[in-house]
Amino acid sequence: MKVKAKIMTAIIALIVMCGAAMLCTMTACGVAPVTVTLSETTATTYVGETVKLKATTDRELVEGEKLSWKSSNTSIATVSNNGTVTGKSVGSVEITVSVGESSATATVTVGAERTVTIKENGTAITAKTIDFDNGDATTFTLTAETSIENAEITWSSSDMTLATVEGGVVTVNKGVANQGKGTATITASVKGTNIKATVNLTVIDSSAPYDLPRGTSNSKVAQEPGVWQYFDKTSDGSTFKFADGGKPRYNDGVITLIMAQASATNTSSKRSEFYLRYQPNFEIGTEYTATVTFVATKDMSLKLGNLSADVENIVQFTANEEGTISNTFTVSDDMPLNIQLIFGEINEGDDPVTCTVKKVELTPVEA
């Protein structure tokens, strides 16, 4: 009898444990089932834009519980795990959020893409260049056209010191063009939306003094017309030090280079090479003649060419004697005008050598 009693007690205990486990499973160990709702059952967005749905629960979620979001058609709209719906194409889609056994659904309608376009004189533009050396005006007017009815357009400039914009009227400050060149982004935004369009504004003042920037590639020079650049990494391994830590300087059409040291790793040549490069503000394919007037305080050679085998134009200059070199080129998008200075080694302790490109004339060749 005692054995039967013990067996019965064990069975009752097992039943109680199983029941408790089942109850814990069904009620999250004493936590009541959760209910989720959405703040709205309908919403609207547009292709390329977003709308956020807000989900609430009737109690705080416990460990193991989380909101899951799902779109009924991801080609029309997708939804992230924070309820942000992104329109992909025109149509309607069901967005469902769920947790446990509870779920809620909202219908999101996706409209056609909304746009804004910036125009100048009726023509859409995305970039504009102002060249003060060519006499370009300091003020011009842009307009914005949008597909959104009764929309309000706001204008902004990424660099207010270089260019300001008010009601689409852009005013460029010639005095602050950085080292002869400045850039700013002019933006037209549709108020209350993330719809915007931009114009990349480039300001060139070829007559303004500036320190020549260090060039990194010919293509980069070609992309920045109107600004001289220098190259101190050369095929012969030349190394350079500028006097007083300066750089080649452009001022009123004159480029001045004061070299404190220059040497070549190729000891057999015993010469150093230094390059100045420039992309003219001419149309690609334009043929032009370049004429350079040069003087230096040390004997040296100057080559005016693009380093190709069929362009050989090297002139020897005697110290302190001014001379001229000329050649004809065609404007390309991958090779700018190249001035190659060739001179012997300059050692530390020697007097600094001043090289002056006194005049560079670029004249288009008439067809």
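Along every chain, residues carry numbers that run from 1 in the direction the sequence is written. Side-chain atom pairs in this predicted model are given and counted only at pLDDT of 80 or more, local residue features only at pLDDT of at least 70, and totals for whole chains, interfaces and linings cover all residues. By convention in this description, side-chain values take in all heavy atoms of the structure and omit both hydrogens and water.

Caption draft 1: Fine view of the sheet that holds strand β13 (residues 139-141). If you trace the three strands from one edge of the open sheet to the other, you get β13-β17-β16, paired in antiparallel fashion. At either end of the open sheet lies a strand with only one pairing partner, and these are β13 and β16 (163-166). Looking at each pair of strands side by side, their axes are set apart by 20° on average, direction ignored. Strand pairing follows a simple DSSP-based rule, namely that at least 2 bridges must link the two strands. We count a stretch as a helix when DSSP gives it H or I for four or more residues in a row; a strand needs E for two or more, and each element gets its number in order from the N terminus. Throughout, an axis means a line fitted to C-alpha atoms (over the contacting stretch in the case of helices), and angles, computed between N-to-C directions, take values from 0 to 180 degrees.

Caption draft 2: Spatial organisation of the pattern of salt bridges. Within this document, salt bridges are pairs made up of a side-chain nitrogen of Lys or Arg and a carboxyl oxygen of Asp or Glu, the two lying within 4 Å of each other. One pass over the structure, following the stated rule, counts eight salt bridges. Glu-49 is the partner of Arg-114 in a salt bridge, and the nearest nitrogen-oxygen pair spans 2.7 Å. In this pair, Arg-114 is assigned in the loop between β9 (102-111) and β10 (116-120) and Glu-49 in the loop between β2 (42-46) and β3 (50-52), connecting sequence segments 65 residues apart. When sorted by exposure, Arg-114 lands in the same class as Glu-49, which is buried. Linking Glu-322 and Lys-358 is a salt bridge whose minimum nitrogen-to-oxygen distance equals 2.8 Å. Taken together, the residues Glu-322 in the loop between β28 (314-317) and β29 (323-330) and Lys-358 in strand β31 (residues 353-364) connect sequence positions 36 residues apart. Per-residue accessibility, obtained with a 1.4 Å probe over protein chains only, is compared with the maximum for each type, and a residue is labelled buried under 20%, exposed over 50%, and partly exposed between these values. Since its relative accessible area comes to 37%, Lys-358 is described here as partly exposed.

Caption draft 3: Quick peek at the sheet that holds β28. Pairing is antiparallel in the open sheet, where five strands are placed in the order β21-β25-β30-β27-β28. Both outer strands of the open sheet, β21 (229-231) and β28, are each paired with one neighbouring strand and no more. Mean inter-strand twist for the sheet, computed between neighbouring axes without regard to direction, equals 20°. Bridge count for strand β25 (residues 272-278) against strand β30 (residues 337-343) is seven bridges, and the pairing is antiparallel. From the neighbouring strand, Arg-277 faces β30, where its bridge partner is Asn-338.

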